[in-house]
Amino acid sequence: MKKTAYDVAIAGCGVGGLYTALNMPHNKNILIITKSDVASSDSMLAQGGICVLHDENDYDAYFEDTMKAGHYENRKESVGIMISSSRSIINDLLELGVRFEKNNDGSLKYTREGAHSRPRICFHEDVTGKEITTVLLEKVKELPNVDILEYTTMTDIQEKKGICTGIKAMQDDEELIISSPYVVMATGGIGGLYEHSTNFPHLTGDGCRIAKEHGVALEHMDYVQIHPTSLYSKNNGRSFLISESARGENAVLLNSRGERFVDELLPRDVVSAAIYKEMQKEGSQHVWMSFAKVPEKVIKEHFPHIYEKCLEEGYNILKEPIPIVPAQHYFMGGVHVDSNSETTMPNLFAVGETSCNGVHGKNRLASNSLLESLVFAKRAAKEISQRINQGKCI
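Residues numbered from 1 in each chain as written. Predicted model: local features only at pLDDT ≥ 70, side-chain atom pairs only at ≥ 80, totals over all residues. Heavy atoms only, no water.

### Points about the overall build of the protein
Then step 1. Within the protein, the regular secondary structure consists of 10 helices and 18 strands.
Then step 2. In terms of overall dimensions, the protein is globule-like: its C-alpha atoms have a radius of gyration of 21 Å, near the 21 Å expected for 394 residues.
Then step 3. Expressed as lengths along the three principal axes of its C-alpha atoms, the size of the protein is roughly 65 × 45 × 35 Å.
Then step 4. Evaluated residue by residue, the protein yields a buried proportion of 57% over its 394 residues.
Then step 5. Relative to all contacts within the protein whose residues are 6 or more apart in sequence, the contacts with residues 24 or more apart total 70%. (Helix = DSSP H or I, 4+ residues; strand = E, 2+ residues; numbered from the N terminus. Rg over C-alpha atoms; globule rule 2.2 N^0.38 Å. Buried < 20%, exposed > 50% of the residue type's maximum accessible area, 1.4 Å probe, protein only. Contact = heavy atoms within 4.5 Å.)

### Describing the sheet that holds strand β17 (residues 348-350)
Then step 1. Here 5 strands make up an open sheet; going across it, the order is β6-β3-β2-β10-β17 and the pairing parallel. Across the chains shown, the open sheet's two edge strands, defined by having one partner strand only, are β6 (146-149) and β17. Strand-to-strand twist across the sheet, computed as the mean angle between neighbouring axes with direction ignored, equals 20°.
Then step 2. Both strand β10 (residues 182-185) and β17 contribute to a ladder of 3 bridges, which runs parallel. Each bridged residue has a counterpart across the sheet, and for V184 the counterpart in β17 is F349.
Then step 3. Relative to strand β3 (residues 30-33), helix α1 (residues 15-22) is tilted by about 170°, and along the sheet it contacts β2 (8-11), β3 and β10. (Pairing = 2+ DSSP bridges. Axes fitted to C-alpha atoms, helices over the stretch in contact; angles between N-to-C directions.)

### Section: the packing of α1 against helix α4 (residues 128-141)
Relative placement of two packed helices is described by the angle separating their axes and the distance separating the axes.
Then step 1. Running from N to C, α1 and α4 cross one another at 35°; their axes reach a closest spacing of 9 Å. In this structure, α1 meets α4 at a crossing whose hand is left-handed. From α1, V15, L18, Y19, A21 and L22 reach across to α4, where they touch I132, T133, L136, L137, K139 and V140.
Then step 2. When the residues that make up the contact of α1 with α4 are grouped by side-chain class, the tally is 9 nonpolar, 1 polar and 1 charged. (Left-handed = near helix turned anticlockwise from the far one by under 90°. Nonpolar A, V, L, I, M, F, W, Y, C, P; charged D, E, K, R; others polar.)

### With respect to the UniProt feature "domain: FAD-dependent oxidoreductase 2 FAD-binding" (unreviewed entry) in the protein
Then step 1. UniProt records the feature "domain: FAD-dependent oxidoreductase 2 FAD-binding" (unreviewed entry) for residues 7-370 in the present numbering.
Then step 2. As a span, residues 7-370 carries 27% helix and 22% strand, and end to end its C-alpha atoms are 26 Å apart. (UniProt positions renumbered as here; feature names shortened; annotations may be inferred.)

### Some details on the sheet that holds strand β13 (residues 252-254)
Then step 1. An order of β12-β15-β14-β13 is seen for the 4 strands of this open sheet, with the pairing classed as antiparallel. Strand pairing shows two members of the sheet lacking a second neighbour, β12 (224-231) and β13, which therefore form its edges. Strand-to-strand twist across the sheet, computed as the mean angle between neighbouring axes with direction ignored, equals 45°.
Then step 2. In terms of strand pairing, β13 meets strand β14 (residues 287-290) through 3 bridges, oriented antiparallel. Opposite V252, over in β14, you have S290 as the bridge partner.

### A look at the packing of aromatic side chains
The description of an aromatic ring pair rests on the distance of the ring centres and on the angle between the ring planes.
Then step 1. The tally for this structure, following the rule as stated, stands at 1 aromatic pair.
Then step 2. With centroids separated by 6.0 Å and ring planes inclined at 25°, the aromatic side chains of Y59 and F63 adopt a geometry described as stacked. Of this pair, Y59 and F63 both sit in helix α2 (residues 59-69), separated by 4 residues, roughly a single helical turn.
Then step 3. What makes Y59 partly exposed here is its relative accessible area of 27%.
Then step 4. Over the face of the ring belonging to F200 we find R238, whose NZ or CZ atom lies 5.4 Å from the ring centre.
Then step 5. Above the ring of Y330, the side-chain terminus of R364 is found at 4.2 Å from the ring centroid. (Phe/Tyr/Trp six-rings, centres within 6.5 Å; stacked < 30°, edge-to-face > 60°. Lys NZ or Arg CZ within 6 Å of the ring centre and 35° of its normal.)

### Overview of the environment of Q285
Then step 1. Along the polypeptide, Q285 turns up in the loop between α7 (268-282) and β14.
Then step 2. You can call Q285 exposed: its relative accessible area is 53%.
Then step 3. C-alpha of Q285 to C-alpha of N316: the two residues are 31 residues apart in sequence and 20 Å apart in space.
Then step 4. If near-sequence neighbours (up to four positions away) are discounted, Q285 is found in contact with Y232, M279 and V325.
Then step 5. A distance of 2.8 Å separates the side chain of Q285 from the side chain of Y232, its partner in a polar contact. (Polar contact = N/O pair within 3.5 Å; in protein donor to acceptor, adjacent residues only side chain to side chain.)

### Here we look at the nonpolar core
Then step 1. Residues V8, I50, L93, F100, I132 and L136 are the most contacted members of the largest nonpolar core, which totals 57 residues.
Then step 2. The dominant element in this core, judged by the number of residues it contributes, is helix α10 (residues 369-389), at 10 residues. (Core = buried A, V, L, I, M, F, W, Y, C linked by side-chain atoms within 4.5 Å.)

### Focus: the pairing of β12
Then step 1. The element β12 is extensively covered by neighbouring structure, given that 6 of its 8 residues are classed as buried.
Then step 2. Across 6 bridges, β12 lies against strand β15 (residues 322-331) in antiparallel orientation. By the bridge assignment for β15, S230 is matched with V325.

### A look at unusual backbone geometry
Negative phi values dominate among residues other than glycine, just as trans dominates among peptide bonds.
Then step 1. A positive phi angle, close to 60°, is found at H71, a residue other than glycine.
Then step 2. With respect to the helices, strands and loops of the structure, H71 is situated in the loop between α2 and α3 (76-96).
Then step 3. In this structure H71 comes out as partly exposed when scored by relative accessible area, which is 37%.
Then step 4. The phi dihedral of H220 is positive, around 50°, even though this residue is not glycine.
Then step 5. Its location among the elements puts H220 in the loop between β11 (218-219) and β12.
Then step 6. On the basis of relative accessible area, H220 is assigned to the partly exposed category, the value being 28%.

### A short note on the pattern of salt bridges
Then step 1. The final tally for this structure, using the stated rule, is 19 salt bridges.
Then step 2. Overlapping salt bridges bring together D55, D58, D65, R118 and R120 as one network. (Salt bridge = Lys/Arg side-chain N within 4 Å of Asp/Glu carboxyl O.)

Structure below.
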């Protein structure tokens, strides 16, 4: 058993965990642990982009799009916080060096995805999550006050009189006892519990399990999003996502007779249900996606990695449709948190897919996940920083 002490302990190195660390005082000792290597977070896999309030006249439309996609079960306060904070988040990412696509005049280029009433999504090719996460990771690694432990799994939290006081973890066969007055769970989603998922298999809802064992409130544990379009394969392992922005750029869904059967820009749960219905009707294991209406220039510039992956699987999207099938993709429920990302246990925070702050309601609007993670990670960091500065542990 090895004992250590930090001012803040963060479990998870996706955008939520990394951005929390970046926004903490740089004179405090911070530990980040990750269950696998630093590159294996679901944040790295996000393809489509990150939403932003397009302009001051877009607020009502963006709010309504998010609420409608979430079946109006969203926490309105959280939705408002996310939208109002979005532009400052994007500006911060640009300042950090994230390479969002831009127009010739230097303004940001926006794309559109399903259930959005207008283009308001910033992106970098078809690997936006990788671009953002890589930049954040590089910046965190430059901080002398942050230690990162890979292949280290959080197994439990420590508490005293109902207040969180640290975490327990396993690294190889050694147990780590980490004392920390503030703990942030950013352990990702639950995709590893499913046979077919776009998530990394080591993401198995650890934060939610530990929270439940300590009586920390959970919320909407049955709200699991199925993404309509993953590349159909008979091979085992993580399903390859075909970004929703492909449909935003006029890719269409077809049945075996080459007929469209759904409006591709409806919310994800509606499109997924339509695909399952068509598969059942035809007795098939997949439907088809055609890029015939997407200009070759857009495919090569916006979707280069999707193009390359499909070629590896034997499909040329410039010439033929690809087989697609829905797969588990995102978890809208999780550990209940308030608007500052604190759980019902004092000094225990949760951010990203581990948490449920109510932004997404019953179904997440496309490209809101990266934004939501960053907005509420920053709020967690701000709340913890204020308590540290005031000398408070509770």
